[in-house]
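Listed here are the chains, written in short residue letters.
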Amino acid sequence: MPNVLVEPERTPYDLRFRALGFPVRVHPWFWIGSALMGSQLLQAGPEFLLAWVAVVFVSLLVHELGHAVAFRRFGSHADIVLYAFYGLAIPTHEVSGRGRKIIISLAGPFAGFALCGLVYGSQELIGWADPRRSVLVWYVYFSLVRVNLVWGVLNLLPVFPLDGGQVCRELCGQFSGPRGKRISLKISFGCAILVVAYSIFCVMDTRGAGAGFTNQLPSWALGTVFTAILFGFLAYQSYQLLGRSAWEDHHWDDRVPWER
Ligand SMILES: [Zn+2]
């Protein structure tokens, strides 16, 4: 996810290393946030919680590496930062051109889909994960496939500042010119509200009689309390950005006179 999200401050507890030539910095909140997200796994044993954190680490790193490799392809180096609930690939140079920006945004989710395909394909070929031999290895397999698939799809929704939201902004800018930013923020707000409504519906339906609509769906397609809270926050953020952009448009009209 480029820009909008702020880069977290450096701390003495940061883990630093290089991956594919890119400097990677892991903020301590990454470990805390990932462990909180998987805290219910402690019931199954601490090794499952550790496996979950490792899955989040690999998946987020691969996603950001996808962005970073695309940046490099277009002549910019990039620094990778992993933080609680999100990662950043921060370019050292601005990359211009809508097409390039769209490719950079898509490179993250598609790197995740590639990892998902690799894990799934290798399992189909050699069957390295077998729940009868090791439930833990099976759990790693299942989580890697699920996380990379579901997060990739969620990230492609046209919601700000997710990757799909960045693509939507570029496309709206292409077709609607200066009004594109506001249009993309409206799409972002509407789409985020829909995800919140869908997630609340799923949570109520699964907790209710259990014979409802959600029984027909695969578990990965279900909204959760987490997606409801996350997209509620993103809807609020888009709403605020819309208000701010209305104010800015009113006070600093940078359109050429004949467009006013
Ligand atoms: Zn991304």
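All of these numbers come straight from a predicted model, not from anything done at the bench.

What follows covers the UniProt feature "transmembrane region" (unreviewed entry) in the protein chain. The positions UniProt marks with the feature "transmembrane region" (unreviewed entry) are residues 49–68, 74–90, 102–120, 140–162, 183–201 and 217–236. Taken end to end, residues 102–120 has its terminal C-alpha atoms 27 Å apart, with 100% of it in helix and 0% in strand. Annotated as residues 217–236, this span is 60% helix and 0% strand, and its ends, taken at the C-alpha atoms, are 28 Å apart.

Here helix 6 (residues 180–207) contains 28 residues, and its C-alpha end-to-end distance of 40 Å stays within 8% of the 40 Å for a straight helix at 1.5 Å per residue. Those residues of helix 6 that fall on the buried side of the exposure criterion are G180, S184, L185, S188, C191, A192, V195, V196, S199, C202, V203 and D205.

Glancing now at the packing of aromatic side chains. Aromatic ring pairs are described here by two measures, namely the spacing of the ring centres and the angle between the planes. All chains considered together, the criterion is met by 11 aromatic pairs. Centre to centre, the rings of F30 and F57 are 6.0 Å apart; their planes meet at 65°, and the pair counts as edge-to-face. Placement of the pair is F30 in helix 1 (residues 28–37) and F57 in helix 2 (residues 46–73), with a sequence separation of 27 residues. Of the two residues, F30 and F57, neither departs from the other in class, the shared state being buried. Between W138 and Y141, the ring centres sit 5.2 Å apart and the planes meet at 45°, which makes this aromatic pair tilted. Taken together, the positions of W138 and Y141, both in helix 4 (residues 135–155) and three residues apart, correspond to about one turn of that helix.

About the thresholds
Residues numbered from 1 in each chain as written. Predicted model: local features only at pLDDT ≥ 70, side-chain atom pairs only at ≥ 80, totals over all residues. Heavy atoms only, no water. UniProt positions renumbered as here; feature names shortened; annotations may be inferred. Helix = DSSP H or I, 4+ residues; strand = E, 2+ residues; numbered from the N terminus. Expected span 1.5 Å × (residues − 1). Buried < 20%, exposed > 50% of the residue type's maximum accessible area, 1.4 Å probe, protein only. Phe/Tyr/Trp six-rings, centres within 6.5 Å; stacked < 30°, edge-to-face > 60°.

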